[in-house]
Structures are given as C-alpha cells and as structure tokens.
Amino acid sequence: MKQRLTTGIIAGVLFLGFCMLGGPWYHGLVLLMALIGYYEFVKMTGVQPFSGVALIGYAGIFAIVFPWEMVWEARPLTLFQIGWLVMLVLMTASVVTKNKIPVNTVAMLFLGVMYIGIGFYYIAESRHLHHGLFWTFLLLGSIWASDAGAYFVGKLIGKNKLWPSISPNKTVEGALGGIIIAVVTSVVFAWVSDGLLSWQRAIWIGVACAVVGQMGDLIQSAYKRVYNIKDSGNLLPGHGGILDRCDSWIVVFPFVHILMLLPY
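All values derive from a computational prediction rather than experimental measurement.

What counts and what doesn't
Per chain, residue numbering runs from 1 following the sequence as it is written. Thresholds applied to this predicted model are a pLDDT of at least 70 for local features of residues and 80 or more for the giving and counting of side-chain atom pairs; totals over whole chains, interfaces and linings are not thresholded and use all residues. Hydrogens and water molecules were not included; the side-chain quantities draw on all heavy atoms of the structure. Helix and strand assignments come from DSSP, with helices taken as H or I runs of at least 4 residues and strands as E runs of at least 2, each series counted from the N terminus. For the radius of gyration, the atom set is restricted to C-alpha positions; the globular benchmark scales as 2.2 Å times the number of residues to the power 0.38. We call a residue buried when its accessible area falls under 20% of the maximum for its residue type, exposed when it is over 50%, and partly exposed in between, using a 1.4 Å probe and counting protein chains only. We call two residues in contact when some of their heavy atoms are within 4.5 Å. The sign given to each residue is positive for Lys and Arg and negative for Asp and Glu; His and the chain ends receive no count. By convention, charge coordinates are those of NZ in Lys, CZ in Arg, CG in Asp, or CD in Glu. All domain edges in this entry derive from an automatic or database-based domain assignment. Each of two parts loses accessible area, computed with a 1.4 Å probe, when they are put together; buried area is these two losses added. Here a salt bridge means any side-chain nitrogen of Lys or Arg lying within 4 Å of a carboxyl oxygen belonging to Asp or Glu. Here a polar contact means two N or O atoms within 3.5 Å. Within protein one must be a hydrogen donor candidate and the other an acceptor candidate, and residues neighboring in sequence count only if both atoms are side-chain atoms. Under this scheme, a helix contributes an axis fitted over its contacting stretch, all axes are lines through C-alpha atoms, and angles between N-to-C directions fall in the 0 to 180 degree range. Oblique is the label for every angle not falling under 35 degrees (roughly parallel), over 145 degrees (roughly antiparallel), or within 65 to 115 degrees (roughly perpendicular). In this scheme the handedness of a crossing depends on how the near helix is turned from the far one: anticlockwise by less than a right angle means left-handed, clockwise means right-handed. Each residue gets one of three labels, nonpolar for Ala, Val, Leu, Ile, Met, Phe, Trp, Tyr, Cys and Pro, charged for Asp, Glu, Lys and Arg, and polar for the others, Gly among them. To count toward a patch, a residue needs a relative accessible area over 30% and no salt bridge; like charges are then connected within 9 Å, while nonpolar side chains (Val, Leu, Ile, Met, Phe, Trp, Tyr) are connected within 5 Å. To measure how exposed things are, a 1.4 Å probe is used in the Shrake-Rupley method; for residues, cover is taken only from the protein chains shown. UniProt positions are given in the numbering used here, feature names are shortened, and annotations may be inferred rather than shown by experiment. Pairs of strands are assigned from DSSP output, requiring at least two bridges between the strands. Only buried Ala, Val, Leu, Ile, Met, Phe, Trp, Tyr and Cys residues count toward a nonpolar core, and they belong to the same one when joined by side-chain atoms within 4.5 Å.

Remarks on the overall build of the protein chain
Next, step 1: Helix and strand counts for the protein chain stand at 10 helices and 2 strands.
Next, step 2: If you list the helices and strands of the protein chain from N to C, you get α-α-α-α-α-α-β-β-α-α-α-α.
Next, step 3: Since a compact globule built from 264 residues should have a radius of gyration of about 18 Å, the 19 Å found for the protein chain is in line with a globular shape.
Next, step 4: Along the longest, intermediate and shortest principal axes, the C-alpha atoms of the protein chain span 55 × 45 × 30 Å.
Next, step 5: Across the 264 residues of the protein chain, 48% fall into the buried class.
Next, step 6: Put simply, 68% of the contacts in the protein chain that link residues at least 6 apart link residues at least 24 apart.
Next, step 7: Taking the average location of the 16 positive side-chain charges in the protein chain and that of its 11 negative ones, the two points are 10 Å from each other.

Structural notes on the domain arrangement of the protein chain
Next, step 1: Entries for the protein chain in the domain assignment read domain 1 (1-128) and domain 2 (131-263).
Next, step 2: Here the C-alpha centroids of domain 1 and domain 2 sit 21 Å apart.
Next, step 3: When domain 1 packs against domain 2, the two sides together hide about 2600 Å² of surface, and 75% of this comes from carbon and sulfur.
Next, step 4: Viewed at the interface, domain 2 and domain 1 are joined by 0 salt bridges.
Next, step 5: Scanning the region where domain 1 abuts domain 2 turns up 5 residue pairs in polar contact (both at pLDDT 80 or more).

Digging into helix α10 (residues 249-258)
Next, step 1: Burial within α10 is extensive, with 8 of its 10 residues counted as buried.
Next, step 2: For α10, every residue scored as buried is listed here: Trp249, Ile250, Val251, Val252, Phe253, Pro254, Val256 and His257.
Next, step 3: Looking at the residues trailing α10, positive phi occurs at Met260, about 55°.

Description of the packing of helix α8 (residues 199-226) against α10
Next, step 1: Close contact between α8 and α10 brings their axes to 8 Å; oriented N to C, the two are set at 140°. As judged from the angle between their axes, α8 and α10 are oblique. Seen along the crossing, α8 lies across α10 with a hand that is right-handed. Between α8 and α10, the contacting residues are Ala208, Cys209, Val212, Gly213 and Gly216 on the first element and Val251, Val252, Phe255 and Val256 on the second.
Next, step 2: Its residues assigned to classes, the contact of α8 with α10 shows 7 nonpolar, 2 polar and no charged.

With respect to a nonpolar patch on the surface
Next, step 1: A cluster of nonpolar side chains, contributed by Ile180, Ile181, Val184, Val188, Trp191 and Val192, occupies part of the molecular surface with about 630 Å² of accessible area.
Next, step 2: For Val192, the location among the structural elements is in the loop between α7 (172-191) and α8.

Quick notes on the UniProt feature "transmembrane region" (unreviewed entry) in the protein chain
Next, step 1: Following the UniProt record, one finds the feature "transmembrane region" (unreviewed entry) at residues 7-26, 46-66, 78-97, 103-124, 133-154 and 174-192.
Next, step 2: Summarising residues 78-97: 90% helix, 0% strand, and an end-to-end C-alpha distance of 29 Å.
Next, step 3: In the segment residues 174-192, helix accounts for 95% and strand for 0%; the C-alpha atoms at its two ends are 27 Å apart.

Some words on the pairing of strand β2 (residues 167-171)
A regular strand carries its side chains on alternate faces of the sheet.
Next, step 1: With 2 bridges connecting them, strand β1 (residues 161-163) and β2 associate as antiparallel partners. For Lys161, the partnering residue across the bridge sits in β2 and is Thr171.

Section: unusual backbone geometry
Next, step 1: Within the chain, Lys98 stands out as a residue other than glycine whose phi angle is a positive 55°.
Next, step 2: With respect to the secondary-structure elements, Lys98 resides in the loop between α4 (79-96) and α5 (103-128).
Next, step 3: Assessed through its relative accessible area of 74%, Lys98 is described here as exposed.
Next, step 4: With a phi angle near 55°, Met260 is a residue other than glycine that sits in the positive phi range.
Next, step 5: The class of Met260 is exposed, set by a relative accessible area of 60%.

Some thoughts on the nonpolar core
Next, step 1: The biggest cluster of nonpolar side chains holds 65 residues, and the ones touching the most others in it are Ile116, Phe120 and Trp249.
Next, step 2: Split by domain, the residues of this core number at least three in each of domain 1 (1-128) and domain 2 (131-263).
Next, step 3: The residues contacting Phe120, other than those within four sequence positions of it, are Val30, Met33, Ala34, Val65, Ile242, Cys246 and Ile250.

A look at the pattern of salt bridges
Next, step 1: Scanning the entire structure with this criterion turns up 4 salt bridges.
Next, step 2: For the salt bridge of Asp244 with Lys224, the shortest nitrogen-to-oxygen distance reads 2.7 Å. Here Asp244, found in helix α9 (residues 242-246), pairs with Lys224, found in helix α8; they are 20 residues apart in sequence, far enough to count as distant.
Next, step 3: What makes Asp244 buried here is its relative accessible area of 11%.
Next, step 4: Lys224 sits in the buried class, given a relative accessible area of 12%.
Next, step 5: With a shortest N-O distance of 3.8 Å, Asp231 and Lys230 are connected by a salt bridge.
Next, step 6: With a relative accessible area of 30%, Asp231 lands in the partly exposed category.

Okay, structure coming up:
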C-alpha cells in the first residue's frame, strides 16, 4: 500500500502538472502514454512488441493521437479513415505472409489500436476544449471519486459480489457507492463552476464516469484473465502498467464526447 500511494502521488502530480501546462506538452505526454499502452496490449496478446505487424499498430496509434492541428490547420484524415486504413494494412499483412500472421492476431491488434488510440485521443482533445482544464479535471475527479468510493464502500459494507468470474473483489454495494460519490463530486464541480456546468449535466456526467468507468475496469480485468496475467505492465510500481491505471479513462472520455455531455 505504501508503494502504491507513493507511486500514485508522484505519477498524479506529474500528470496533473502536464495537464495544467496544456498544449503540446500535455498532448505529447498523452501520445507517449498511448504508445506505451499499446506496447502493453501487444505483449499481452503474445505478439512480439516490435515485430512488423505490431509496428503497423503503433503507426495507427500515432496517427490517431498525434496533435495534427498543432502542425496543420486540420487533421489530414478522420478517425474513421485512419481506422479503416489500419485495418486494411493489417489484413493485407495476413495475406502477404500467407496466414503466418493469422486473422485472429490481426483482429486483436486492430482492436487494440481502436480501443487505446481513440481513448487517448479523447483524453488529449478534452484538454483542448474551451475551459478544457476544467472539463479534464471534472472527468478525472469523477473517475477517481468513483474508484475510491467503490473501494472503500465495498470494504466497509460490501457483501454481494458484482461479477465474481471477472473481478472477484468487486461488490454491488461498492459499485453503487462509487456512483453516488462520483455524482457528488461532479455536482461539487458544478457548484464551483460559476455557471459553466449545470447540476443536471453534472449528474449525467457523474453517472457516466462511474458506470462506464467501472465497466472499463471490468473490461481490463476480463482480457487479463483470458491471458492469465495480473497486470498489463510494471511501469508504475504498485499499480501495474499504463492500461491498468487508465482503464477507466480510455472508455469514459470517448463516451462523454459521444453523448455530447461536454460542450464544443
């Protein structure tokens, strides 16, 4: 626990510091995190992390997350177009190698590109919105509140298992506690926002951060069980890898954008 707290504090301070700087500093950090996250994902699937087919995935992650608007006036390709091109190149690799790179490997690598690339893309883009620092802190604060609430409420009163075959320690009581504390946190942000965030929208954001964030955690647990590993990596002592730490972020940030819960 001491190691976990120390790592969490140091990593949190560094990340929030870059977030406050914003601009290319923050976006560059998010791009680096995305590439490391994809490295962890590729290793979990059993593919050599720097093989030719994996490099196609890294290129896809780079193309999705890179801040093109800071270099040109607009992105040269949409997310849909990048995703389709990555899929085509990966499937072509399977054909060219005469199925030495099987289609199931191609499918997993493509899934990783979309899951990680789009997740980190929206983590970066949220900071670039008008009042982006506020919106980014709102989402991170609500996610962290949900995590802490679920953990402590589950420890105190948790009796009914939420999904024991996937994550045996999570409880229904903890999940509900996480939702309530995330909503309270989001409403507090609305209260101090000077009219920027309505309490109605705050409630929806809090619920989304908690419910979708907890599902992101379960998704991560599910595929780690398939590959029989405890952590996605060991970059963060006591926490695991980038994907272990950001499992909720990479589903919450795209989700709230898709539902248009953040203003543009």
